[in-house]
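As a plain string of letters, each chain reads:
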Amino acid sequence: MKNVLKACALSILVLAACNQSQKSTKENDKKENASVVQLKTDDEKIAAFKDTAQAKLHVFLDSLKPHALDSNYRFLVKSDFAEGADHEHMWSVVYKYADGKFTGIFADSAIVLKNLKIGAPVLINQKDVEDWAIYDYKRNTDMGNFSDKYLRSQQKESK
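Being a predicted model, the structure only gives us computed values, none of them experimental.

Asks: Let's hear about the sheet that holds strand β6 (residues 141-144): which residues, and what values?
Replies: In space, the six strands of this open sheet follow the order β4-β3-β2-β1-β5-β6, with antiparallel pairing throughout. Across the chains shown, the open sheet's two edge strands, defined by having one partner strand only, are β4 (121-125) and β6. Averaged over neighbouring strand pairs, the angle between their axes works out to 35° when direction is ignored. Strands β1 (73-83), β2 (86-98), β3 (101-106), β5 (131-136) and β6 of the sheet are contacted by helix α3 (residues 57-67), whose axis makes an angle of about 120° with β1.

Asks: Break down the pattern of salt bridges for me, citing the residues and quoting the values.
Replies: In total, this model carries two salt bridges according to the counting rule given. Where D128 meets K127, a salt bridge forms, and the shortest distance between an N and an O atom there is 3.3 Å. Owing to a relative accessible area of 29%, D128 belongs among the partly exposed residues under this scheme. Residue classification places K127 among the exposed positions, given a relative accessible area of 57%. We note a salt bridge from R139 to D136, for which the minimum N-O separation is 2.6 Å. On the basis of relative accessible area, R139 is assigned to the exposed category, the value being 54%.

Asks: Please set out a nonpolar patch on the surface residue by residue, giving values where relevant.
Replies: A contiguous nonpolar patch, built from L69, Y95 and I105 and spanning about 320 Å² of accessible area, is present on the exposed surface. One can find L69 in the loop between α3 and β1. For L69, a relative accessible area of 76% translates into the label exposed.

Asks: Give a detailed account of the packing of aromatic side chains, specifying residues and quantitative values.
Replies: Applying the stated rule across the entire model yields seven aromatic pairs. Both rings, one in F60 and one in W132, keep their centres 5.4 Å apart while their planes meet at 50°; by these two values the pair is tilted. Within this pair, whereas F60 is found in helix α3, its partner W132 is found in strand β5, the two being separated by 72 residues in sequence. W132 shares its class with F60; the two are buried.

Asks: Give a description of the confidence of the model for the protein that names residues and reports values.
Replies: When the pLDDT values of the protein are averaged, the result is 78; 70% of them are 70 or greater. Low pLDDT, under 50, characterises residues 1-34; the predicted model gives this stretch six contacts beyond four residues in sequence or across chains.

Asks: Which residues make up the side chain of S92, and what values go with them?
Replies: Residue placement: S92 occurs in strand β2. If we ignore the near neighbours within four places in the chain, the residues touching S92 are F75, L76, V77, F81, I105, F106, A107, V122 and I124.

Asks: Any chance you could break down the environment of D142 for me, citing the residues and the numbers?
Replies: The topology assignment puts D142 in strand β6. Separated by 69 residues in the primary sequence, D142 and Y73 place their C-alpha atoms 9.4 Å from one another. Sequence-distant contacts of D142, that is, excluding residues within four places in its chain, are made with I134 and Y135.

Asks: Lay out unusual backbone geometry in plain terms, naming residues and giving numbers.
Replies: A positive phi angle, close to 55°, is found at D99, a residue other than glycine. Within the secondary structure, D99 is located in the loop between β2 and β3.

Parameters and conventions
- Residues numbered from 1 in each chain as written.
- Predicted model: local features only at pLDDT ≥ 70, side-chain atom pairs only at ≥ 80, totals over all residues.
- Heavy atoms only, no water.
- Pairing = 2+ DSSP bridges.
- Helix = DSSP H or I, 4+ residues; strand = E, 2+ residues; numbered from the N terminus.
- Axes fitted to C-alpha atoms, helices over the stretch in contact; angles between N-to-C directions.
- Contact = heavy atoms within 4.5 Å.
- Salt bridge = Lys/Arg side-chain N within 4 Å of Asp/Glu carboxyl O.
- Buried < 20%, exposed > 50% of the residue type's maximum accessible area, 1.4 Å probe, protein only.
- Patch = residues over 30% accessible without salt bridge, like charges linked within 9 Å, V, L, I, M, F, W, Y side chains within 5 Å.
- Areas by Shrake-Rupley, 256 points an atom, 1.4 Å probe, with all protein chains shown as cover.
- Phe/Tyr/Trp six-rings, centres within 6.5 Å; stacked < 30°, edge-to-face > 60°.
- pLDDT = per-residue confidence, 0-100.

Written out as structure tokens, the structure reads:
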């Protein structure tokens, strides 16, 4: 029995080492293949999209309230995440709103930030929402995502 346990422990250790090696490779691939758009801090169009998202946030909230935990819907908000001087504007899936804050999980792939991983719990202030999106899988529709077309155009220009 002890030999079986030792063999299992060794297998787990080897598997963990392999997973760590694969993880490092995946992170390098992610950085090389990532769709990163560099914008000026004072980009007027992005500021306008945030204003639009904030002005129409009531639409998002009206849909989130009855459908937050409905698997036919996915609710996302984009906000700024920071570590020191580094910032990334990324998406989180949210499932609750209370007291001016959204509760959810981080859903994007951080490129610069090291301490934020997919699936990490997040709490986002309503005033920090830069964009939002609602995906209705039952009707195959989406709403929001105001900045998407502009960001895609900027991504093409930077290549």
